[in-house]
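# Coordinates in review
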Amino acid sequence: MELKPGYKQTEVGVIPVDWEVVELSQAADFLDSQRKPIKSSERAKMRGAFPYYGASGVVDYVNNFIFDGEFILLGEDGENILSRNVPLAFRVSGKIWVNNHAHVLQPRESFDIDYLTAFLESLDYKDHNKGTAQPKLNKQTCLKLKIAKPPAIEQEAIAKALSDMDALIQSLEQQIIKKQQIKQGAMQLLLNPYDAHGQLKQGWSIRKLGECVNIDPENLPSNTPPDYEFKYISLENAKNGVLQGYSTEHFEKASPRARRVLKNGDVLIGTVRPNLKSHCIFTETTADWICSTGFAVIRCPKDLVSPYFVFASFFAPFIDRQIENLITGSNYPAISSGDVRALKFAAPEYKQQLQIEDALSKQDSELAALKAKLEKLTVLKQGMMQNLLTGAVRLV
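Thresholds applied
Residues numbered from 1 in each chain as written. Predicted model: local features only at pLDDT ≥ 70, side-chain atom pairs only at ≥ 80, totals over all residues. Heavy atoms only, no water. Phe/Tyr/Trp six-rings, centres within 6.5 Å; stacked < 30°, edge-to-face > 60°. Pairing = 2+ DSSP bridges. Helix = DSSP H or I, 4+ residues; strand = E, 2+ residues; numbered from the N terminus. Buried < 20%, exposed > 50% of the residue type's maximum accessible area, 1.4 Å probe, protein only. Contact = heavy atoms within 4.5 Å. Axes fitted to C-alpha atoms, helices over the stretch in contact; angles between N-to-C directions. Parallel < 35°, antiparallel > 145°, perpendicular 65-115°, else oblique. Left-handed = near helix turned anticlockwise from the far one by under 90°. Nonpolar A, V, L, I, M, F, W, Y, C, P; charged D, E, K, R; others polar. Polar contact = N/O pair within 3.5 Å; in protein donor to acceptor, adjacent residues only side chain to side chain.

### What to know about the packing of aromatic side chains
The tally for this structure, following the rule as stated, stands at 13 aromatic pairs. Pairwise contacts between aromatic rings join Phe111, Tyr115 and Phe119 into one cluster.

Written as structure tokens, this is what we have:
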């Protein structure tokens, strides 16, 4: 491959000719010998204001510290080495305590701490994993990690650009949290059948859910042709109220739990933990959709009960408390379709249901727009990291 003028091939890939490549041992000092784990029973006796860090962040707060300054923590063990659900390398500062599940790094003067943190976080550690039963990054492996070293002024510029993007992402995350809290408050107000005096609101009624809607109205019969092909929705496909995928199945190979026939507007209610709240509204208009019997399928009479109102009600306290009471103390944390039929369902007249639906749908739309923006920014940041940390884009 022909390189662009001003670039060279190295152990970390193609980088500018004026960048160096060093091992992490030359970029930072490891202070692992100063770490000290504390058992949870002992931490309970020494609660305080100082953060107690582990592999993925703050674990607890204690009344003493063993480090004071600016450091990078790099997770030493745990599934996060492979899954990367949370940052593996992250900056910490001030008076802190660190257990033996995170390497403690103090960057040398020739490295900007934010640049080095970003570079370490950008690495793929799968090939450096030395664990068997549990993923692990031992110190000797980490010391030999190859680090790209731009000139100091460029390190600072890269760190500043990525820090600005992080601030934008964090601001958006805070907006989403605030919007979720606003929506939760609106749900508690709008879906509560009782007024401030504990009286049933005018126009509302409380009946068994099974008296208002059809539950599990259609199931595939046992004589279904073996080659019948359908789109299958499992409990894992519904998350946070949204249908996020499906698989294609044939009747002869399908799980016994693949039986519920779906139609547009059906409400899918997860009935088995850990997916007890895998609820969603089915909005597809095509045929041949089937879901697991781990769902109770609710079909609402047209112009009498709003599917969205039913769906939202399962996230509100009135029904949520009933479900919690049903599964409390159960060895098998689940509810049955019969339990769903027997749930008390509070609703106003249909016209008011639609008004409540409109108010909550607007909240959903605003949340969805913020989450879409966050997703785009996250992808943009990944692109920035790739370009800036390899020198493909120069800031100086």
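### Things to note about the sheet that holds strand S12 (residues 214-215)
The strand order across the open sheet formed by 4 strands is S12-S21-S18-S19, and the pairing between neighbours is antiparallel. The open sheet has two free edges, formed respectively by S12 and strand S19 (280-281), since each of these has just one partner strand. Looking at chain direction, S12 and strand S21 (residues 295-299) are connected through 2 bridges and run antiparallel. Across the sheet, the residue bridging to Ile215 is Ile298, located in S21.

### Focus: the environment of Met187
By the element assignment, Met187 lies in helix H6 (residues 152-190). Accessibility expressed as a relative area gives 4% for Met187, which makes it buried. For Met187 and Val17, which are 170 residues apart along the polypeptide, the C-alpha to C-alpha distance reads 58 Å. Setting aside its immediate chain neighbours within four residues, Met187 contacts Asn192, Ala312, Phe315, Ala316 and Leu360.

### Things to note about unusual backbone geometry
Of note in the backbone geometry, Arg84 takes a positive phi value of approximately 55° without being a glycine. The phi torsion at Asp216 lies on the positive side, around 50°, for a residue other than glycine. Along the chain, the position of Asp216 falls in the loop between S12 and strand S13 (229-233). You can call Asp216 buried: its relative accessible area is 12%.

### Describing the sheet that holds strand S16 (residues 247-250)
Across the sheet, which stays open at both edges, the 4 strands sit in the order S16-S13-S20-S17 with mixed pairing between neighbours. Edge positions in the sheet fall to S16 and strand S17 (258-261), since each of these pairs with one other strand and no more. Pairs of neighbouring strands in the sheet enclose a mean axial angle of 50°, with direction left out of account. Here S17 runs beside strand S20 (residues 289-292); their pairing, made up of 3 bridges, is antiparallel.

### Details of the packing of H6 against helix H10 (residues 350-388)
At a minimum axis separation of 10 Å, H6 and H10 run at an interaxial angle of 165°. It follows from the interaxial angle that H6 and H10 lie roughly antiparallel. Seen along the crossing, H6 lies across H10 with a hand that is left-handed. Class assignment of the residues belonging to the contact of H6 with H10 gives a composition of 23 nonpolar, 4 polar and 9 charged.

### Considering helix H4 (residues 113-122)
The buried count for H4 comes to 7 of 10 residues, which makes it a mostly enclosed element. Of the positions making up H4, those classed as buried are Ile113, Tyr115, Leu116, Thr117, Ala118, Phe119 and Leu120. Of the residues flanking the start of H4, the one acting as N-cap is Asp112, its side-chain oxygen 2.9 Å from the backbone nitrogen of Asp114.

### Focus: the environment of Glu324
Structurally, Glu324 is set in helix H8 (residues 317-327). With 92 residues separating them in the primary sequence, Glu324 and Tyr232 have C-alpha atoms 28 Å apart.

### Concerning the packing of H4 against H6
One way to put it is that H4 packs onto H6 with a least axis distance of 8 Å and a crossing angle of 65°. Here H4 lies roughly perpendicular to H6, going by the angle between them. Our pair here, H4 against H6, has a crossing hand that is left-handed. Here H4 contributes Asp114, Tyr115 and Ala118 to the contact with H6, which in turn contributes Gln155, Ile158, Ala159 and Leu162. Partitioned by chemical class, the residues of the contact of H4 with H6 number 5 nonpolar, 1 polar and 1 charged.

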